[in-house]
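Residues per chain are reported as follows:
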Amino acid sequence: METDLYDEFGNYIGPELDSDEDDDLETDDRDADEADEDEDDEPADADEDVPGMEVVLHEDKKYYPTAEEVYGPEVETLVQEEDAQPLTEPIIKPVRNKQFTLMEQELPSTVYDMEFLADLMDSPELIRNVTLCGHLHHGKTCFVDCLIEQTHPEIRKRDDMDLRYTDILFTEQERGVGIKSTPVTMVLPDSRGKSFLFNIMDTPGHVNFSDEVTSGIRLSDGIVLFIDAAEGVMLNTERLIKHAVQERLAITICINKVDRLIVELKLPPTDAYYKLRHIVDEVNAMLSTYSTDENLVVSPLLGNVCFASSQYCVCFTLGSFAKIYSDTYAWGWRRFTKKAPTSNSQRSFVEFVLEPLYKILSQVVGDCDTSLPRVLDELGIHLVKEELKLNIRPLLRLVCKRFFGEFTGFVDMCVQHIPSPQGGAKNKIEHSYTGGLDSDLGEAMAECDPDGPLMCHTTKMYSTEDGVQFHAFGRVLSGTIQAGQPVKVLGENYTLEDEEDSQVCTVGRLWINVARYQIEVNRVPAGNWVLIEGCDQPIVKTATITEPRGNEEAQIFRPLKFNTASVIKIAVEPVNPSELPKMLDGLRKVNKSYPSLTTKVEESGEHVILGTGELYLDCVMHDLRKMYSEIDIKVADPVVTFCETVVETSSLKCFAETPNKKNKITMIAEPLEKGLAEDIENEVVQITWNRKKLGEFFQTKYDWDLLAARSIWAFGPDTTGPNILVDDTLPSEVDKALLGSVKDSIIQGFQWGTREGPLCDEPIRNVKFKILDAVIAQEPLHRGGGQVIPTARRVVYSAFLMATPRLMEPYYFVEVQAPADCVSAVYTVLARRRGHVTQDAPIPGSPLYTIKAFIPAIDSFGFETDLRTHTQGQAFSLSVFHHWQIVPGDPLDKSIVIRPLEPQPAPHLAREFMIKTRRRKGLSEDVSISKFFDDPMLLELAKQDVVLNYPM
């Protein structure tokens, strides 16, 4: 029956059948057997190699070789179910070239030989180390561009763009403002054709970056101060004059952008003369204010003032302009008189300098087709037809370039008025070296001796193109530094007694830095600037590089003294906590890169960056995120540093006993005289002076009595801190010998106390602590540092809290330039931020007003943006730290309730600042005085009813 052979699904289930295929296979087998017999050497299972048509089940199919087949039997392989790498990331990433600076790939051609430049380095009398500084956008960088174009025939600016050769960072190019000071070394001829080697430091003009100027000034022997002819003396101009006088540098000035008087302000020549003269007079007035030297005067007659217009390649002094006349007209001597020969005769400067300049400009700008060729023929300037067809600006630039020639006037001015490294060495060493001049080493440095012991002072760190490592930049003061030699790097904390902060390194390559390219050299003798590879690891800010052996008496150069303070702080943390080590490495690097930046870790564990202003911190954060750590970083809202002070004398004598009850110190606190804190900070008075000199200073200037003036123990915190510790004990009451034995411990406790005060862990300022009584144990064992130091700190705190403590906040000085119709808006914006105007006056010869004001730093965040919004972008402001001022209100007043998210009225500010700072630092909400007082002291307080207002 057919149906039994199939199941219900139609599948065959009957007995097996002999199929045709089997017959075929048998014949195949037979053929194969015969073939085997023919060729015995063939392997028997050859038929299996033929890719047959056999049916392979889906699960038995094998698409890829197994891991064992690929890697071998002994290899452990892991199979991951899910792809760990997201699809957005390529499996093999392309190589990323990190580059943050514009650098030339090979050396550009110059009008002098590089060998000649290297040879000039051996004659210090032909070298000039100069810093170009000035207010923001007064034309320093453009001036350097003109010098670069003169010496580098292939480097030219495009007509519409400034070259800005020394703005080498991409961020500088994008922002249009200098951020780092950039050194340029070139050979420039003076008016007689004699070549000099110029080391020029082009510095930023923004007040936030004045720390860069300080590091450039330390390496230079003189400055050229740039002043915009139209704007005149501005905020930073004044600060730089003061700074240069303090650093004892030769000062010359360059009045730049003279063309603005003609083209923009359209002043007639006589008015332009008065405007220029007004600038020179203002500078001289400032020099007489800040300097005691009667002979420090700038005047075009002395040759230390030059006039320039960088945009049109003009630079002349009276001497170089006279030379143009004598070369053109072959004049002999002409007599000029001080008095006008007739009543209507003009000033010689107007007639012989300004009028020709006006004529050239007006001919090119006004009538450049018809009369210009004739005028150019008279002046002996030959232009081809193509050049005459240029636009006005390039044509004007070309004509001025041909007429005025190279910047020989500038070179003459620097050569005559700025000392060579040899001439300026003694002054430099006296001012910046901590050791004396009387040693052999001091003499070698004062003579700028290339064969003496090596001494090199580095003040800046420049990161490489990719931001991975740093090169140290400094000046060789004696000896010769060689590539590949071992050197000893002394850090800022090195002293002859404590040699911990020193390390022996090997110098890598040496370069002479010319903004966008570097000239490699084997050795650099004394008097020159040098970029050093391989010493960057131990250096943080500045360093002293000397010989590893034999130069044992070498001391360090003083750390830089900045003319601003870093008062704004931001807290940073990585978005991804596991990237903390990367951020710390980045913080280390920005710390090296910015001279006045400070980074520290608070008690609460937050990482804080301190900087001079908003733009400064913005640049720091850009570098930290993009260049040095390449991670996402969160930033807290900016805050400022505060200080703590007192306004009265302590209401009672405060004492504290040591834990072993064998010593007792009694102190009171009172405010310092006005101006004394600033004198200590500016090192007008130093604790290192001998007793007699120190005493005389305090007696004559601040009316201290002889005893108090002679018994000053310390300034604190550190040697230049604005607090004083005075020993006011009497020999009849206190054993002076015993007190002397614990003097160091008490001073340390005082330094510790003043470094972080009791209100909110901020430095104490402007307080005098008097030791009134001291009971000290006889046995040395009972009066060790561990007993005395914390006790001294406690008594400092209790005396401080008993003397009506107050908070101080930093105030900024703001200078705003605005047109007359915007002045009222500036007042409005300032008033909203607790600011007050001190002066507003029109800028002479221009339509703008200058408004000078003070504003609390904590209210200055976003001030510039606010100002621009209210004046439609017509007002421009710069602000810089000026002084500390007491915050209104009592920080310890418990009755004040701080309401969240509401602005506080003025009397509540001190309390608000204190509480919020304490919260941020992870301290308890309120200051409890019982923490710093001993039980006997508290009993004393209770007796006198003082404790009523204070929390226990």
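Residues numbered from 1 in each chain as written. Predicted model: local features only at pLDDT ≥ 70, side-chain atom pairs only at ≥ 80, totals over all residues. Heavy atoms only, no water.

Asks: Break down the overall build of the chain for me, citing the residues and quoting the values.
Replies: The secondary structure content of the chain amounts to 29 helices and 32 strands. On C-alpha atoms alone, the chain measures out to a radius of gyration of 38 Å, which is more than a quarter above the 30 Å that the 2.2 N^0.38 rule sets for 952 residues. Projected onto its principal axes, the C-alpha positions of the chain cover 145 × 100 × 65 Å. Pairs at least 24 residues apart make up 73% of the contacts formed inside the chain by residues separated by at least 6 positions. The chain carries 95 positive and 155 negative side-chain charges, and their two centres are separated by 20 Å. (Helix = DSSP H or I, 4+ residues; strand = E, 2+ residues; numbered from the N terminus. Rg over C-alpha atoms; globule rule 2.2 N^0.38 Å. Contact = heavy atoms within 4.5 Å. Lys, Arg positive; Asp, Glu negative; His and termini not counted. Charge placed at Lys NZ, Arg CZ, Asp CG, Glu CD.)

Asks: Break down the nonpolar core for me, with residues and values.
Replies: With 165 residues, the main nonpolar core has Phe 143, Phe 198, Val 224, Phe 410, Ile 609, Ile 746 and Phe 769 as its most contacted residues. Among residues more than four places away in sequence, those in contact with Phe 410 are Leu 132, Phe 143, Leu 147, Phe 198, Ile 200, Val 224 and Cys 315. (Core = buried A, V, L, I, M, F, W, Y, C linked by side-chain atoms within 4.5 Å. Buried < 20%, exposed > 50% of the residue type's maximum accessible area, 1.4 Å probe, protein only.)

Asks: Account for the packing of helix H18 (residues 580-593) against helix H19 (residues 614-628), with residues named and values stated.
Replies: Viewed as axis vectors pointing N to C, H18 and H19 meet at an angle of 125°, and their least axial separation amounts to 9 Å. In this view, H18 runs oblique relative to H19, as classed from their interaxial angle. Classified by chirality, the crossing of H19 by H18 is right-handed. Contacts between H18 and H19 pair Met 583, Gly 586, Leu 587, Lys 589, Val 590 and Ser 593 from the former with Val 620, Asp 623, Leu 624 and Tyr 628 from the latter. In the contact of H18 with H19, the residues fall into six nonpolar, two polar and two charged. (Axes fitted to C-alpha atoms, helices over the stretch in contact; angles between N-to-C directions. Parallel < 35°, antiparallel > 145°, perpendicular 65-115°, else oblique. Left-handed = near helix turned anticlockwise from the far one by under 90°. Nonpolar A, V, L, I, M, F, W, Y, C, P; charged D, E, K, R; others polar.)

Asks: Tell me what's going on with the sheet that holds strand S24 (residues 654-657), and back it up with residues and numbers.
Replies: A sheet is described by the order of its strands in space; here five strands give the open sequence S24-S25-S28-S27-S26, paired in mixed fashion. Looking at which strands have only one partner, the edges of the open sheet turn out to be S24 and strand S26 (712-716). Looking at each pair of strands side by side, their axes are set apart by 25° on average, direction ignored. (Pairing = 2+ DSSP bridges.)

Asks: Please give an account of the side chain of Ser 310 that cites residues and values.
Replies: Relative to the elements of secondary structure, Ser 310 occurs in the loop between strand S6 (305-309) and strand S7 (314-316). Judged by its relative accessible area of 5%, Ser 310 falls in the buried class.

Asks: Mind laying out the pattern of salt bridges, listing which residues take part and the relevant values?
Replies: Applying the stated rule across the entire model yields 45 salt bridges. The partner of Asp 585 in a salt bridge is Lys 589, and the shortest N-O contact between them spans 3.6 Å. Of this pair, Asp 585 and Lys 589 both sit in helix H18, separated by four residues, roughly a single helical turn. Classification of Asp 585 as partly exposed rests on a relative accessible area of 31%. Salt bridges sharing partners connect three or more residues here, namely Asp 228, Lys 257, Arg 260 and Glu 264. (Salt bridge = Lys/Arg side-chain N within 4 Å of Asp/Glu carboxyl O.)

Asks: Describe the sheet that holds strand S3 (residues 195-202), naming the residues involved and giving the relevant values.
Replies: Overall, mixed pairing links the seven strands, which are arranged S2-S3-S1-S4-S5-S6-S7 in an open sheet. Looking at which strands have only one partner, the edges of the open sheet turn out to be strand S2 (182-189) and S7. Neighbour to neighbour, the strand axes of the sheet diverge by 25° on average, direction disregarded. One ladder, built from seven bridges, connects strand S4 (residues 222-228) with strand S5 (residues 250-256); its direction is parallel. Each residue of the ladder has a partner; that of Asp 228, found in S5, is Asn 256. The sheet strands contacting helix H4 (residues 140-151) are strand S1 (127-134), S2, S3, S4, S5, S6 and S7, and the helix crosses S2 at an angle near 45°.

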